[in-house]
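Each chain, letter by letter, is given below.
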Amino acid sequence: MLERRGIYRRFWDVTAESVSRTCPAECRQQWLEVCEYIKDMDYNLSVGKGLMLIGPVGTMKTTMAVAVLRDLIEREPNQGYFIPMVSLLDQLNEERDSRSHILEDRIRHTRLLVLDDLGAEYDHAWVAAKIDSIVTERYNRMKSTIVTSNLRRDEIRDRYQMRIFDRLKSTNKLITFAGKSLRRPV
Ligand SMILES: Nc1ncnc2c1ncn2[C@@H]1O[C@H](COP(=O)(O)OP(=O)(O)O)[C@@H](O)[C@H]1O
Ligand SMILES: [Mg+2]
């Protein structure tokens, strides 16, 4: 079920409950803000509100985005989709075969889309145009999108079309993360 929603095995254990239990002090405040979003999820999704989780690598942005998505999937197993920006190019190949057509449809229409690691994708005009078109269409359809990124705000503004930034800013609550990576060497 989680696989079909684009959630990778590494994140199968992530739920709001598990993050609440184990979230380190460094990102407690951010988690409380994400919890506010989850609490009002039905309303947030009905008006197309999303989140922008911005900060350095290893600060639990992806984990928190998955926890939000998971909360929706538990209630609506056919809704929501997670896509790592690095795979966007692979998954939506330019030939538009039927599989990539179905996927693109899902990305445009699903109630909640997570675009994970904006800025990590291959810097290519086709990808940038695709992101622009997905964000714009979802904005117009009032569908919610959660973006995680370790680009700073001004870098997002510079790298993508100004209107992507304006759109995300007007619909998504910005939560910034700071501090050192929680990833530990094995
Ligand atoms: N519930 C948790 N409690 C403690 N540490 C966690 C938890 N979930 C994830 N982590 C640690 O945080 C690291 C980074 O998480 P991730 O969500 O991938 O960060 P980001 O997306 O900000 O780069 C993980 O590799 C893991 O070591
Ligand atoms: Mg991440």
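Given the structure is predicted, the values throughout are model-derived calculations rather than measurements.

I'd love a proper account of the overall build of the protein, names of residues and values included.
Along the protein, the regular secondary structure elements total 9 helices and 5 strands. Each helix (α) and strand (β) of the protein, taken in turn from the N terminus, gives the series α-α-α-β-α-β-α-α-β-α-β-α-α-β. In terms of overall size, the protein behaves like a compact globule, its C-alpha atoms giving a radius of gyration of 16 Å where 186 residues would be expected to give roughly 16 Å. Seen through its C-alpha atoms, the protein measures out along the principal axes to roughly 45 × 35 × 35 Å.

Which residues make up unusual backbone geometry, and what values go with them?
Despite not being glycine, Met60 shows a phi value in the positive range, around 80°. With respect to the secondary-structure elements, Met60 resides in the loop between strand 1 (50–54) and helix 4 (61–75). In this structure, Asp117 is a non-glycine residue whose phi angle is positive, near 70°. Turning to its location among the elements, Asp117 is positioned in strand 3 (residues 112–118). Judged by C-beta crowding, with 21 C-beta atoms within 10 Å, Asp117 ranks as buried.

Go over the environment of Leu174 with me, naming the residues and quoting the values.
Tracing the sequence through the fold places Leu174 in strand 5 (residues 172–176). The sequence separation of Leu174 and Glu33 amounts to 141 residues, and the corresponding C-alpha distance is 9.7 Å. Among all residues touching Leu174, those that are not within four sequence positions of it are Met52 and Ile54.

Describe the nonpolar core, with residues and values.
It is characteristic of soluble globular proteins that their nonpolar side chains tend to be buried jointly. Judged by nonpolar contacts, the single largest core of 37 residues is most densely connected at Leu53, Met64, Ala65, Val68 and Leu69. Going through the elements one at a time, helix 2 (28–39), strand 1, helix 4, strand 2 (81–84), strand 3, helix 7 (125–141), strand 4 (144–149) and helix 9 (162–171) are the ones with two or more residues in this core. A per-element tally of this core places helix 4 first, with 8 residues.

How would you sum up the site of ligand 1? Please name residues and give values.
If you check the shell around ligand 1, you find 14 residues, and the closest are Thr22, Lys61, Thr62, Thr63 and Leu182. Those elements that provide at least two residues to the shell around ligand 1 are helix 1 (16–22) and helix 4. Grouping the constituent residues of the shell around ligand 1 by class yields 6 nonpolar, 6 polar and 2 charged.

Could you give me a rundown of the packing of helix 2 against helix 4, with the residues and numbers involved?
In contact at an axis separation of 10 Å, helix 2 and helix 4 are set at 20° when each is read in the N-to-C sense. With respect to helix 4, the axis of helix 2 lies roughly parallel. The way helix 2 lies across helix 4 gives a crossing that is right-handed. Counted together, Trp31, Val34, Tyr37 and Ile38 of helix 2 and Met64, Val68 and Asp71 of helix 4 form the full contact between these two elements. Taken together, the residues of the contact of helix 2 with helix 4 sort by class into 6 nonpolar, no polar and 1 charged.

Go over the sheet that holds strand 1 with me, naming the residues and quoting the values.
Spatial strand order, 2-3-4-1-5: 5 strands in an open sheet with parallel pairing. This sheet does not close on itself; its edge strands, each paired only once, are strand 2 and strand 5. For this sheet the average axis-to-axis angle between neighbouring strands, irrespective of direction, equals 15°. Where strand 2 and strand 3 come together, 4 bridges link them in parallel fashion. Considered in strand 3, the bridge of Pro84 is made with Asp116. Strands strand 1, strand 2, strand 3 and strand 4 of the sheet are contacted by helix 4, whose axis makes an angle of about 170° with strand 3.

What counts and how
Residues numbered from 1 in each chain as written. Chains lettered and ligands numbered in written order. Predicted model: local features only at pLDDT ≥ 70, side-chain atom pairs only at ≥ 80, totals over all residues. Helix = DSSP H or I, 4+ residues; strand = E, 2+ residues; numbered from the N terminus. Rg over C-alpha atoms; globule rule 2.2 N^0.38 Å. Buried ≥ 20, exposed ≤ 12 C-beta atoms within 10 Å, placed from the backbone. Contact = placed C-beta atoms within 7 Å. Core = buried A, V, L, I, M, F, W, Y, C linked by C-beta atoms within 7 Å. Near = placed C-beta within 6 Å. Nonpolar A, V, L, I, M, F, W, Y, C, P; charged D, E, K, R; others polar. Axes fitted to C-alpha atoms, helices over the stretch in contact; angles between N-to-C directions. Parallel < 35°, antiparallel > 145°, perpendicular 65-115°, else oblique. Left-handed = near helix turned anticlockwise from the far one by under 90°. Pairing = 2+ DSSP bridges.

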